[in-house]
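# Overview (structure and organization)
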Amino acid sequence: MKILVPVKRVVDANAHVRVKADGSGVDLSGVKMSINPFDEIAVEEATRLKEKGSAAEIVCVSIGPAEAAEVLRSAFAIGADRGQLVIGEGDLEPLAVAKILKAVIEKENPQLVILGKQAIDYDNDQTGQMLAGLLGWPQATFASNVTIEGDQVQVTREVDGGHQTVRLRLPAIITCDLRLNTPRFAALPSIMKAKKKPIEQKSVDSYGVDLKPRLQVLKLAEPPRRKAGIKVKSVTELLDKLRNEAGVI
Amino acid sequence: MSPNELPAREAMEFDVIIVGAGPAGLSAAIRLKQVAPECSVVIVEKGSEVGAHILSGAVIDPIGLDRLLPDWRNDSSHPLRQAVKTDRFYWLTKRRAVRLPNWFMPPLMSNHGNFVASLGDVCRWLATKAESLGVELYPGFAATEVLYGSRGEVRGVATGDMGVGKDGQPKPGFTRGIELRGKYTLFAEGARGSLTKAVIAKYALQQDRDPPKFGIGLKEVWQVPPEQHRAGLIQHTFGWPLDNHTGGGSFLYHWGDNLVSVGFVVHLNYHNPWISPFEELQRFKTHPLVRSTLAGGKRISYGARAITEGGWQSVPKLTFPGGALIGCAGGFVNVPRIKGSHNAMLSGILAAEKVAEALAASRANDELEAYEASWRTSDIGRDLRKVRNVKPLWSRFGTIIGVGLGGLDMWTNTLGFSLFGTLSHGKPDNQTLEPASKFKPIAYPKPDGKLTFDRLSSVFLSGTNHEADQPVHLHVADLESEKRIEHDVFAGPSNRYCPAGVYEWVGEGADLKLVINAQNCVHCKTCDIKDPAGNITWTAPQGGGGPNYTQM
Ligand SMILES: Cc1cc2nc3c(=O)[nH]c(=O)nc-3n(C[C@H](O)[C@H](O)[C@H](O)COP(=O)(O)OP(=O)(O)OC[C@H]3O[C@@H](n4cnc5c(N)ncnc54)[C@H](O)[C@@H]3O)c2cc1C
Ligand SMILES: Cc1cc2nc3c(=O)[nH]c(=O)nc-3n(C[C@H](O)[C@H](O)[C@H](O)COP(=O)(O)OP(=O)(O)OC[C@H]3O[C@@H](n4cnc5c(N)ncnc54)[C@H](O)[C@@H]3O)c2cc1C
Ligand code: SF4
């Protein structure tokens, strides 16, 4: 079985970003970029499936600037076999990404596609679902456990208030949640080998899909600054403040 | 699990191993590949990416870069975009700023032809050059152990294990470190390198030299309103807020997109244990000269790093069988110029050339004597020799007289002589504190949240992050003497000198204990230098942990 894992290059989870002075976007100059943490989990899961013998090959695809090759290398260091880099500048919306992925999938013919549940830059939580819709494939989102059973896959989903277990027929789409696994530390030799794995490059335009944005960003603003906290001396004082100052009880 | 129960480490062979991707390590790697393209060079860097742990002023003297990449000015991607235009030097009192005329300054102090930049950005750019020459560069990996051969020679380093829990036991996902073995190992860890310290001790490299000397430098980057920005203006001060017996001073550089880098250095031979270098920087910003530049601006980053100050007298022997110290691991900062990055690059280049000669002669793991023999007569030695008495004079005579005598000595050295010969630095920095009872605690002003801040909100801006479940990387050898000396005699100075609030004495009497918030550590190395009980050893935490500096 072949598994396809789309991986996005996003601002590092530990980096601090600033909104540009004119509110037109986020200032990313000099800021560390990394593989989207949920995508790292997806690659780890695919690698574990391969190690268990449930999968034969892992292909990763990243859509973004030329530097996105770095996140493909991160995926290789975990265990992916080869990569496709679809080069396109600027922010692509989830629908455009889903359309490109559909085109890639039609050529690669994977039986399973594992995505992150969301990218931590815009937190859209849409690409996997849109892709499933475009392909007409079954989907299991927010996965916290994945087991392959012949031509089916059983997935435990994190839903409000508990877990839901579903079974899908392959080919299928899975988006993974934080608790699916803890990605391994890539060891130095794996990182070295990752440099030698092949990356095929294409341009977004070569797919002939409509990439026009559907959304217009009006303004970006930083969240209002939280006021410094205070120490209260007693429960009575706390209750008093909650009731009379904060007005929350 | 004890080390011998762990799985064996994999080993990899290279010609040259470099520890640290700062200006020294990167320059050495680039030069090696320029003169010996066939040799294999690997660099490990503990930061999550190159530049993540680099903190500098920085006004950069391009002498090193000119030698390394003579054509760099024609490279459209280079980050030295702001030439120094105006150079000002002030003596501060609480309310006033007295400008010293430029003709008064010895010519070596001139910043004409230098650039204001982020040294981290310079390193990121040098890293792309190194990689395109075939250097293997691995950020996110700390070297934690020196490997020795049977003749006592250095054979390489090992990287730390990943995925070890607080209790020292392997966690799920545990990955053993790797042995990097090679013909020569260059230690480019910067000021107070953790492996460098071990190597200096093992080969007694400090023997017959003055003790190493340091300062702590704290820095913030601000984005200021355009009308307050003067691109290319650089400004240095001494005097207030430090008293006459505490060495140090400030820097303030205008560059980039309305950016101002503002920082403060306190010499770590200070006596008064109540001093907080962090609060000195905060207080300094309230001076009218500085306030008028920063007011209405936004602070975008914060960090701190030790800086070497021993210079000419304190540079240890740089070579030992199988390796050498380069850059601030040796300690090549020119104190009055507050510059070290140019010498870091020059020393990397010099050592690389000697390594290449050795490799060409099929030598391996022996001593690179030619490097030790040549640095004092090279540009590095010429730069440091002229200023060798500035810091000792400052330490002996206090700021007012010491800086004056230092200036005079730089003038006479420019003419080729010194009235003082070569003065000694005196005691190591951890022996200069006087008992807390001799001083009154200093009442620093409260932060206003606009111009001045507290430490924790500052550390937040450094992007510091460590895996929480790992062994504490700050080792206190003897808690009992730490309490008796550090706490009882000196009133816990670690709580004040640490720029990240890592150390806290909590409780009283029998319950008194030292809490170490290791997760906040910005890897400045000050505790390893200044602890009066000499108990604290900084070791490298799991690779990738530590600050994530941008524009530093
Ligand atoms: C990969 C990833 C996965 C995520 N998954 C989820 C998810 O599944 N569910 C979800 O709800 N959110 C998730 N988030 C969002 C994230 O967890 C929230 O943004 C976070 O919980 C917000 O908490 P906070 O406001 O305390 O901010 P933080 O950024 O967590 O904290 C801000 C500051 O507060 C301090 N601080 C925080 N906690 C403590 C503490 N216990 N003690 C002392 N100081 C503290 C820290 O020093 C920090 O500087 C995820 C984020 C990432 C990057
Ligand atoms: C506040 C301040 C202001 C300064 N201003 C200026 C200035 O204006 N101009 C100037 O020229 N110089 C200035 N300097 C000095 C200059 O920054 C240093 O001389 C220079 O950075 C030294 O370069 P280096 O390569 O030797 O070490 P560093 O720059 O310290 O780099 C060392 C690198 O090695 C890595 N490393 C360390 N240990 C390990 C390990 N065990 N494993 C893996 N990686 C490791 C570190 O993470 C780091 O990336 C200033 C210094 C400070 C602190
Ligand atoms: S713990 Fe030590 S090295 Fe870390 S920030 Fe504090 S003083 Fe610096």
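Above this note sits the structure.
What you are looking at is a predicted structure, and each value in this text was computed from that prediction instead of being measured.

## A look at the overall build of chain B
When helices and strands are counted, chain B shows 15 helices and 24 strands. Seen through its principal axes, chain B has C-alpha atoms that stretch 60 × 60 × 45 Å. The burial tally for chain B puts 63% of its 552 residues in the buried class. Expressed as a percentage of contacts within chain B between residues at least 6 apart in sequence, the contacts between residues at least 24 apart total 78%. Distance between charge centroids for chain B: 7 Å, based on 59 positive and 55 negative side chains.

## Considerations on the packing of helix H3 (residues 94–108) of chain A against helix H4 (residues 127–135) of chain A
All names here are of chain A. Where H3 meets H4, the axes come as close as 9 Å, and the angle between the chain directions of the two elements is 50°. Judged on the interaxial angle alone, H4 and H3 are oblique. In this structure, H3 crosses over H4, and the sense of that crossing is right-handed. For the pair H3 and H4, the contacting residues are Pro94, Leu95, Val97, Ala98, Lys99, Leu101, Lys102 and Ile105 in the first and Thr127, Met130, Leu131, Leu134 and Leu135 in the second. Residue classes in the contact of H3 with H4 are distributed as 10 nonpolar, 1 polar and 2 charged.

## A few points about helix H8 (residues 341–360) of chain B
All names here are of chain B. The terminal C-alpha atoms of H8, which comprises 20 residues, lie 28 Å apart, in line with the 28 Å expected from a rise of 1.5 Å per residue. Burial within H8 is extensive, with 17 of its 20 residues counted as buried. Looking one or two places after H8, you find serine 362, whose phi comes out positive at around 55°.

## Considering the site of ligand 2
All names here are of chain B. Neighbouring ligand 2 are 38 residues; Glu45, Ser56, Val59, Cys328 and Ser341 lie closest to it. Between ligand 2 and valine 59, the relevant distance is 2.7 Å, taken from a nitrogen atom to a main-chain nitrogen or oxygen of the residue. In the model, an oxygen atom of ligand 2 is placed 2.7 Å from a nitrogen or oxygen of the cysteine 328 main chain. Bound to the protein, ligand 2 loses 98% of the 1000 Å² it would expose on its own. For the shell around ligand 2, the elements supplying multiple residues, two or more each, are helix H1 (23–35), strand S2 (41–45), strand S16 (248–255), strand S18 (298–308) and H8. Counting residues per element, the shell around ligand 2 draws most heavily on S18, which supplies 3 residues. For the shell around ligand 2, the per-class residue count stands at 22 nonpolar, 11 polar and 5 charged. Both domain 1 (3–70 + 121–209 + 316–385) and domain 2 (80–116 + 212–306) contribute no fewer than three residues apiece to the shell around ligand 2.

## Focus on the site of ligand 1
Every residue near ligand 1 is listed here: Ala13(A), Pro37(A), Phe38(A), Leu178(A), Arg179(A) and Phe460(B). More than a single chain frames ligand 1: its nearby residues are located in chains A and B. A distance of 3.4 Å separates an oxygen atom of ligand 1 from a polar atom in the side chain of Arg179(A). Here ligand 1, which alone exposes 960 Å², has 23% of that area covered by the protein. Partitioning the shell around ligand 1 into residue classes produces 5 nonpolar, no polar and 1 charged.

## A closer look at the packing of aromatic side chains
Residue and element names in this part refer to chain B. This model, assessed by the stated rule, comprises 13 aromatic pairs over all chains. Pairing phenylalanine 89 with phenylalanine 238 gives two aromatic rings, centres 5.7 Å apart and planes at 50°, and the pair type is tilted. Here phenylalanine 89, found in strand S5 (residues 86–92), pairs with phenylalanine 238, found in strand S15 (residues 233–239); they are 149 residues apart in sequence, far enough to count as distant. Given the relative accessible area of 9%, phenylalanine 238 is considered buried. Joined through ring pairs, the aromatic side chains of Tyr148, Phe187, Tyr203 and Phe320 make up one cluster. A cation over an aromatic ring shows up here: lysine 202 above the ring of tyrosine 148, its NZ or CZ 4.3 Å from the ring centre. Sitting over the face of the ring of phenylalanine 453, arginine 299 holds its NZ or CZ atom 3.9 Å from the ring centroid.

## Let's talk about the interface of chain A and chain B
Across the boundary between the two partners, chain A contributes 17 residues, which contact 30 residues of chain B. Note on chain A versus chain B: buried area summed over both sides is about 2000 Å², and carbon and sulfur give 62% of it. Broken down residue by residue, the surface that chain A buries against chain B is led by Arg18(A), Phe185(A) and Leu188(A), which jointly contribute 33%. Taken together, chain A and chain B are joined by 2 salt bridges. Run the count over chain A and chain B and you get 4 residue pairs in polar contact (both at pLDDT 80 or more). If you tally residues by element for the side of chain A that touches chain B, the top one is helix H5 (residues 188–194) of chain A, at 4 residues.

## Comments concerning the nonpolar core
Residues and elements named next belong to chain B. Within the largest apolar cluster, 84 residues are counted, with the highest numbers of intra-cluster contacts made by Ile18, Leu26, Leu126, Leu180, Phe187, Tyr371 and Trp375. Beyond its immediate sequence surroundings of up to four residues, tyrosine 371 is in contact with Leu318, Thr319, Ala324, Leu325, Ile326, Phe332, Ser347, Leu350, Ala351 and Lys354. Val224, Val290, Ala304 and Ala540 belong to the second largest nonpolar core, which has 71 residues in total.

## Focus on the pattern of salt bridges
Applying the stated rule across the entire model yields 50 salt bridges over all chains. Ionic pairing is found between Arg337(B) and Asp61(B), a salt bridge with its closest N-O pair at 2.9 Å. In this pair, Arg337(B) sits in the loop between strand S20 (323–325) and H8 while Asp61(B) sits in the loop between strand S3 (59–60) and helix H2 (63–68), placing the two residues 276 residues apart along the sequence. Using a relative accessible area of 10% as the deciding quantity, one classes Arg337(B) as buried. One continuous salt-bridge network, built from bridges that share partners, spans Lys2(A), Glu57(A), Arg82(A) and Glu108(A).

## Thoughts on the pairing of S15(B)
All names here are of chain B. In terms of burial, S15 is largely enclosed, as 7 of its 7 residues are buried. Bridge count between S5 and S15: 7 bridges; the pairing is parallel. Bridged to phenylalanine 89 within S15 is histidine 236. When S15 meets S16, the two strands line up antiparallel, connected through 4 bridges. Its bridge partner being in S16, glutamine 235 is matched across the sheet by leucine 252.

## What to know about the sheet that holds S18(B)
Residue and element names in this part refer to chain B. Within the open sheet, the 7 strands sit side by side as S6-S5-S15-S16-S17-S14-S18. Their pairing is mixed. The outermost strands of the open sheet, each flanked by one partner alone, are strand S6 (97–99) and S18. On average, adjacent strands in this sheet sit at an angle of 20° to one another, irrespective of strand direction. Sheet strands in contact with helix H5 (residues 277–284) are S5, strand S14 (214–223), S15, S16, strand S17 (259–267) and S18, and its direction is about 40° off that of S14. Of the strands in this sheet, S5, S14, S15, S16 and S17 touch helix H11 (residues 390–414), which is tilted by about 95° from S15.

Calculation notes
Residues numbered from 1 in each chain as written. Chains lettered and ligands numbered in written order. Predicted model: local features only at pLDDT ≥ 70, side-chain atom pairs only at ≥ 80, totals over all residues. Heavy atoms only, no water. Helix = DSSP H or I, 4+ residues; strand = E, 2+ residues; numbered from the N terminus. Buried < 20%, exposed > 50% of the residue type's maximum accessible area, 1.4 Å probe, protein only. Contact = heavy atoms within 4.5 Å. Lys, Arg positive; Asp, Glu negative; His and termini not counted. Charge placed at Lys NZ, Arg CZ, Asp CG, Glu CD. Axes fitted to C-alpha atoms, helices over the stretch in contact; angles between N-to-C directions. Parallel < 35°, antiparallel > 145°, perpendicular 65-115°, else oblique. Left-handed = near helix turned anticlockwise from the far one by under 90°. Nonpolar A, V, L, I, M, F, W, Y, C, P; charged D, E, K, R; others polar. Expected span 1.5 Å × (residues − 1). Near = heavy atom within 4 Å. Polar contact = N/O pair within 3.5 Å; in protein donor to acceptor, adjacent residues only side chain to side chain. Areas by Shrake-Rupley, 256 points an atom, 1.4 Å probe, with all protein chains shown as cover. Domains from an automatic or database assignment. Phe/Tyr/Trp six-rings, centres within 6.5 Å; stacked < 30°, edge-to-face > 60°. Lys NZ or Arg CZ within 6 Å of the ring centre and 35° of its normal. Buried area = accessible area lost by both parts, 1.4 Å probe. Salt bridge = Lys/Arg side-chain N within 4 Å of Asp/Glu carboxyl O. Core = buried A, V, L, I, M, F, W, Y, C linked by side-chain atoms within 4.5 Å. Pairing = 2+ DSSP bridges.

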